[in-house]
Amino acid sequence: MSQAVTVACVCDSAYAPHAAVLLQTLAASRGEERVEVHLLAGEGLDEATAARLAAYAAELGLGWQRHQLPADIGFPQVGRYAQAVWSRLYLPQLLPQLDRILYLDVDILVLQSLAPLLATDLGTAWMGVVAHTGAGVAAQLGHLPELAQQPYFNSGVLLMDLRRLREVDLLGRARACAQAQAAHLVWPDQDVLNLVCAGQVRYLHPRWNALADLWLEPPPRQPVAGYTPEQLDSARASPAVVHFDGSVDVKPWHYRSLHPYRGLYRRARELTPWPLQRLEGASLKNAVLRRLPRHWQYQLVRWKKTLRSLIGSPA
């Protein structure tokens, strides 16, 4: 049997059904490798739900460890985001026995073995990341001019060199940055990681974090964020990790989801202890909006998010 794939994620009780889908697809996509999952949990995850997740992981043959986080983890409150968004920054300290881990958000489908990703040579980089390519994200980076100096990466998939991150004190640097920039942050942990890790990341092939803009924005004809059109086409055609990043037009549990992999999420969800009983947002208003051309719907949501960021209320 090959070396274990070690994954970390964070969720509360509300996102437990999505975490179960992540677990289901992790198990279904693995090769011969063991998969070990480290769950970061705070007060938002009740004991009964945590027990159900642990039992489901065992049923799937996944290794499972739960790590309890304190209620106050020492970072500023930013907009509507829960303190849990900062949890991934604690991984180097929480897991001193590990040299490397793959952090995954739970709104993700894993479609191919992660073993090749875990084996990626990072060189001297602190972590491996995938950059955003969508115009919707690029248009919102004016809140911190420093972010425009290099491709802006997504924090939902992070191949973390834990040994190196302990050496450079990622947690301390991130906390200091978050406190200094609190008034300007829009995507809290993501903004801070982009600032603190500037010049210290390796950009991975976009197939390892296939973001929604790959499908919901027109394919570019020129390189974007360092990726060639051919790389983006390859990620679109054969994604290893599908990430439902974004608003209701992306989330597969929502009535208005436009994402082409929403059906796969819903089928996977039926196999978990949390089958999808009813899509969120099933209303007359959304029924009307769903009849609009797909591109119009997507641009409407992007315009709304941009407006909210300009007036200081992140979408």
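Structural data are supplied above this passage.
Residues numbered from 1 in each chain as written. Predicted model: local features only at pLDDT ≥ 70, side-chain atom pairs only at ≥ 80, totals over all residues. Heavy atoms only, no water.

Asker: Would you take a moment to explain the packing of aromatic side chains for this structure?
Answerer: Where two aromatic rings form a pair, the distance of their centres and the angle of their planes describe that pair. Inspection of every chain in the model, using the stated rule, returns 7 aromatic pairs. Here Tyr-152 and Trp-187 contribute two aromatic rings whose centre-to-centre distance is 5.8 Å and whose plane-to-plane angle is 50°, an arrangement assigned as tilted. Of this pair, Tyr-152 sits in the loop between α5 (135-138) and β7 (153-161) while Trp-187 sits in the loop between α7 (170-181) and α8 (188-196), and the two are 35 residues apart along the sequence. Of the two residues, Tyr-152 and Trp-187, neither departs from the other in class, the shared state being buried. Three or more aromatic residues joined by ring pairs form one cluster here, namely Tyr-15, Phe-244, Trp-253 and Tyr-265. Above the face of the Trp-274 ring, Arg-52 is positioned so that its terminal group lies 4.2 Å from the ring centre. Residue placement shows Arg-80 over the ring face of Tyr-81; its charged tip is 4.7 Å from the ring centre. (Phe/Tyr/Trp six-rings, centres within 6.5 Å; stacked < 30°, edge-to-face > 60°. Helix = DSSP H or I, 4+ residues; strand = E, 2+ residues; numbered from the N terminus. Buried < 20%, exposed > 50% of the residue type's maximum accessible area, 1.4 Å probe, protein only. Lys NZ or Arg CZ within 6 Å of the ring centre and 35° of its normal.)

Asker: How do you make sense of the pattern of salt bridges when you look at a structure like this?
Answerer: Two side chains of opposite charge can pair, provided their charged atoms sit close to one another. Scanning all chains against the criterion turns up 9 salt bridges. Across the pair Asp-105 and Arg-88 runs a salt bridge, and its minimum N-O distance is 3.4 Å. Here Asp-105, found in the loop between β4 (100-104) and β5 (108-110), pairs with Arg-88, found in the loop between β3 (63-68) and α3 (91-94); they are 17 residues apart in sequence, far enough to count as distant. When sorted by exposure, Asp-105 lands in the same class as Arg-88, which is buried. In this structure, Asp-107 and Lys-251 form a salt bridge, with 2.7 Å as the shortest nitrogen-oxygen distance. (Salt bridge = Lys/Arg side-chain N within 4 Å of Asp/Glu carboxyl O.)

Asker: It is not clear to me how the sheet that holds β7 should be interpreted in this structure. Could you clarify?
Answerer: Backbone-to-backbone hydrogen bonds join strands into a sheet, with any given pair of strands oriented parallel or antiparallel. Spatial ordering of the open sheet is given by β3-β2-β1-β4-β7-β6-β8, a layout of 7 strands whose pairing is mixed. Edge positions in the sheet fall to β3 and β8 (201-203), since each of these pairs with one other strand and no more. Each adjacent strand pair in this sheet contributes to an overall mean axis angle of 25°, direction not counted. Here 4 bridges tie strand β6 (residues 127-131) to β7, and the two strands are oriented antiparallel to one another. The residue of β7 that forms the bridge with Gly-128 is Leu-159. (Pairing = 2+ DSSP bridges. Axes fitted to C-alpha atoms, helices over the stretch in contact; angles between N-to-C directions.)

Asker: Would you mind going over the nonpolar core with me for this structure?
Answerer: In terms of nonpolar packing, the biggest core is built from 60 residues, with Leu-23, Leu-26, Leu-53, Leu-104 and Leu-114 touching the most fellow members. Broken down by element, this core gets its largest block of residues, 8 residues, from helix α1 (residues 16-29). For Leu-104, the residues in contact, after removing those within four places along its chain, are Val-7, Ala-8, Cys-9, Leu-22, Leu-26, Val-110, Leu-114, Gly-156 and Val-157. (Core = buried A, V, L, I, M, F, W, Y, C linked by side-chain atoms within 4.5 Å. Contact = heavy atoms within 4.5 Å.)

Asker: It is not clear to me how α8 should be interpreted in this structure. Could you clarify?
Answerer: Residues three or four positions apart in an α-helix share a direction because the helix packs 3.6 residues into each turn. Burial runs high along α8: 9 of the 9 residues are buried. Among all positions of α8, only Pro-188, Asp-189, Gln-190, Asp-191, Val-192, Leu-193, Asn-194, Leu-195 and Val-196 are buried. Buried-residue contacts for α8 involve β6, β7 and α7.

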